[in-house]
Amino acid sequence: MVAGGFGVGKTTFVGAVSEINPLRTEAVMTSASAGIDDLTHTGDKTTTTVAMDFGRITLDQDLILYLFGTPGQDRFWFMWDDLVRGAIGAVVLVDTRRLADCFPAVDYFENSGLPFVIALNGFDGHQPYTPDEVREALQIGPDTPIITTDARHRGDAKSALITLVEHALMARLK
Amino acid sequence: MTPPPASHDSYGALHDAHYDSEGDQPLVRPYAMTGGRTRPRYQLAIEALVSTTADPAHLATLLPEHQRICHLCREVKSVAEVSALLQMPLGVARILVADLAEAGMVAIHQPGNGEAGGTPDVTLLERVLSGLRKL
Ligand SMILES: Nc1nc2c(ncn2[C@@H]2O[C@H](COP(=O)(O)OP(=O)(O)O)[C@@H](O)[C@H]2O)c(=O)[nH]1
Ligand SMILES: [Mg+2]
């Protein structure tokens, strides 16, 4: 999973390593409206469409890695719950100028127990804060890797994924 | 994140055999071989892989949406790709793929022996890691 706030570079990251142009899948969430016991209004439903970008990397003849850019809004947790089950882990992208945008994702992965790494996406090549400063600010434990990245560059995205899988492996072997 | 089992190769072999035989030799339809498979108890994982096992000659009897999925999944695709490429909501893609799996028209590959989205095991993580390093 590739998570983080709106505009932090999730789709850019997915596109940088994916062998296909990122595709978009939509999930429709339906919930009955307030007047549910009024039979004349049973047709009233509110539907919300959640779009999610994803890419794929064929790693081996019979091994395909999918990268899902998770919809940022908190109310779409159902989509995350769906993804988290088969997931290896998450790259949480962070724009340090808008640090608070990553709080929901960090909270979510800490609670779900899914291994995650924090990747500081340096817009315009700037990394105004060091990983240690961000660790302090986010109150992230010492085991969780914090790296810097440029979501536009394949090599950077690739090494962020390697860091994540190494971290997931360490977590499993513990 | 899903490794299809090696049986993927046998699909390729069946597929080729069909075109080589020019129809003069009756082939066992793949759906007959997997026949009577019930609808998956689990919800299909979004990353579950789908590959067509149906005899192309049989496709014409299917609903158009089922046909489109069978055509698309001649090369293995995830449920997410079925949804995106055929422009149908994820939930619809899941139901249609499950229908096809029940009818033995497609094979589903997902890790965890059919349990949707089992946590990837160490062997799988190691394979992913070495695959990423070789990119
Ligand atoms: N300068 C710079 N721009 C970036 C970087 N990553 C993403 N962007 C741009 O930021 C905008 C939002 O990125 P996008 O991937 O769509 O964000 P998403 O909402 O998280 O999917 C796009 O215009 C990207 O081109 C980066 O590392 N540096
Ligand atoms: Mg996006």
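Residues numbered from 1 in each chain as written. Chains lettered and ligands numbered in written order. Predicted model: local features only at pLDDT ≥ 70, side-chain atom pairs only at ≥ 80, totals over all residues. Heavy atoms only, no water.

Caption draft 1: Local environment of the interface of chain B and chain A. Facing 36 residues of chain B, the contacting portion of chain A comprises 36 residues. Buried area between chain B and chain A, both sides added, is near 3,200 Å², and the carbon and sulfur share of it is 66%. Seen at the junction of chain B and chain A, the total is 5 salt bridges. Across the pair Arg-56 of chain A and Glu-81 of chain B runs a salt bridge whose closest N-O atoms are separated by 3.0 Å. Run the count over chain B and chain A and you get 11 residue pairs in polar contact (both at pLDDT 80 or more). (Contact = heavy atoms within 4.5 Å. Buried area = accessible area lost by both parts, 1.4 Å probe. Salt bridge = Lys/Arg side-chain N within 4 Å of Asp/Glu carboxyl O. Polar contact = N/O pair within 3.5 Å; in protein donor to acceptor, adjacent residues only side chain to side chain.)

Caption draft 2: Region of the structure containing the sheet that holds strand β3 (residues 106-109) of chain B. All names here are of chain B. The antiparallel open sheet is built from 3 strands, whose spatial order is β2-β1-β3. The open sheet has two free edges, formed respectively by β2 (77-78) and β3, since each of these has just one partner strand. Bridge count between strand β1 (residues 49-52) and β3: 4 bridges; the pairing is antiparallel. Bridging from a neighbouring strand, Ser-51 pairs with Ala-107 of β3. Against the sheet, helix α5 (residues 90-102) contacts β1 and β3, and its axis sits at roughly 115° relative to β3. (Pairing = 2+ DSSP bridges. Helix = DSSP H or I, 4+ residues; strand = E, 2+ residues; numbered from the N terminus. Axes fitted to C-alpha atoms, helices over the stretch in contact; angles between N-to-C directions.)

Caption draft 3: Region of the structure containing the pairing of strand β7 (residues 146-149) of chain A. All names here are of chain A. When strand β6 (residues 116-121) meets β7, the two strands line up parallel, connected through 4 bridges. Bridged to Asn-121 within β7 is Thr-149. With helix α4 (residues 131-138) bridging β6 and the parallel β7, this β-α-β connection has right-handed handedness. (Right-handed = clockwise from strand over helix to strand, strands pointing away.)

Caption draft 4: Just the nonpolar core, in detail. Met-1, Val-92, Phe-109 and Ile-118 of chain A are the most contacted members of the largest nonpolar core, which has 63 residues in total. Top contributing element to this core by residue count: α5 of chain B, with 7 residues. Among residues more than four places away in sequence, those in contact with Met-1 of chain A are Phe-68, Thr-70, Trp-80, Leu-83, Val-84, Ala-87, Gly-89, Ala-90, Val-91, Phe-109 and Leu-114 of chain A. Val-2, Leu-59, Leu-93 and Leu-161 of chain A belong to the second largest nonpolar core, which has 31 residues in total. (Core = buried A, V, L, I, M, F, W, Y, C linked by side-chain atoms within 4.5 Å. Buried < 20%, exposed > 50% of the residue type's maximum accessible area, 1.4 Å probe, protein only.)

Caption draft 5: Here's a closer look at the site of ligand 1. Residues and elements named next belong to chain A. Taken together, 14 residues form the shell around ligand 1, and within it Gly-7, Lys-10, Thr-11, Thr-12 and Asn-121 come nearest. At 3.0 Å, a backbone N or O of Gly-9 approaches an oxygen atom of ligand 1. Contact with the protein chains covers 69% of the free accessible surface of ligand 1, which is 580 Å². For the shell around ligand 1, a count of residues per class yields 4 nonpolar, 6 polar and 4 charged. (Near = heavy atom within 4 Å. Areas by Shrake-Rupley, 256 points an atom, 1.4 Å probe, with all protein chains shown as cover. Nonpolar A, V, L, I, M, F, W, Y, C, P; charged D, E, K, R; others polar.)

Caption draft 6: Seen up close, α4 of chain A. All names here are of chain A. Regarding α4, the residues found buried are Val-134, Arg-135 and Leu-138. The arc enclosing the buried residues of α4, seen along the axis, measures out at 105°, which places them on a common side. Relative to its buried face, α4 has exposed residues pointing more than 90 degrees away, namely Asp-132 and Glu-136. In this structure, the buried residues of α4 make contact with α3 (103-112), β6 and β7. (Arc of directions from axis to C-beta.)

Caption draft 7: Seen up close, the packing of helix α5 (residues 154-173) of chain A against helix α6 (residues 122-134) of chain B. The N-to-C vectors of α5 of chain A and α6 of chain B enclose an angle of 160°; their axes lie 10 Å apart at closest approach. Compared by their axis directions, α5 of chain A and α6 of chain B come out roughly antiparallel. Crossing hand, α5 of chain A versus α6 of chain B: left-handed. Here α5 of chain A contributes Lys-158, Leu-161, Ile-162, Val-165, Glu-166, Ala-168, Leu-169, Arg-172 and Leu-173 of chain A to the contact with α6 of chain B, which in turn contributes Val-122, Leu-125, Glu-126, Val-128, Leu-129, Leu-132 and Arg-133 of chain B. Classifying every residue of the contact of α5 of chain A with α6 of chain B by side-chain character gives 11 nonpolar, no polar and 5 charged. (Parallel < 35°, antiparallel > 145°, perpendicular 65-115°, else oblique. Left-handed = near helix turned anticlockwise from the far one by under 90°.)

Caption draft 8: Representation of the pattern of salt bridges in the model. Residue and element names in this part refer to chain A. Taken as a whole, this structure holds 13 salt bridges over all chains when the rule is applied. The shortest N-O distance in the salt bridge between Arg-97 and Asp-95 comes to 3.0 Å. Here Arg-97 falls in the exposed class, since its relative accessible area comes to 55%. Residue classification places Asp-95 among the buried residues on the basis of a relative accessible area of 4%. Among the ionic contacts, a cluster of salt bridges with common partners joins Asp-95, Arg-97, Arg-98 and Asp-101.

Caption draft 9: Main features of the pairing of β1 of chain B. Residues and elements named next belong to chain B. Side chains Leu-49 and Ser-51 of β1 all project onto a buried face; the interleaved residues Val-50 and Thr-52 project onto the opposite face, where all are buried too. Pairing between β1 and β2: 2 bridges, direction antiparallel. Across the sheet, Leu-49 pairs through a bridge with Ser-78, a residue of β2.

Caption draft 10: Quick look at the packing of aromatic side chains. Counted under the stated rule, the structure contains 9 aromatic pairs over all chains. Among the aromatic residues, those joined into a ring-pair cluster are Trp-77, Trp-80, Tyr-108, Phe-109 and Phe-116 of chain A. (Phe/Tyr/Trp six-rings, centres within 6.5 Å; stacked < 30°, edge-to-face > 60°.)

Caption draft 11: Layout of unusual backbone geometry. The backbone of Gln-139 of chain A shows a phi angle near 55°, a positive value even though the residue is not glycine. Along the polypeptide, Gln-139 of chain A turns up in the loop between α4 and β7. Assessed through its relative accessible area of 61%, Gln-139 of chain A is described here as exposed. Even without glycine at this site, Gln-87 of chain B takes up a positive phi of about 50°. Topologically, Gln-87 of chain B is positioned in the loop between α4 (79-85) and α5.

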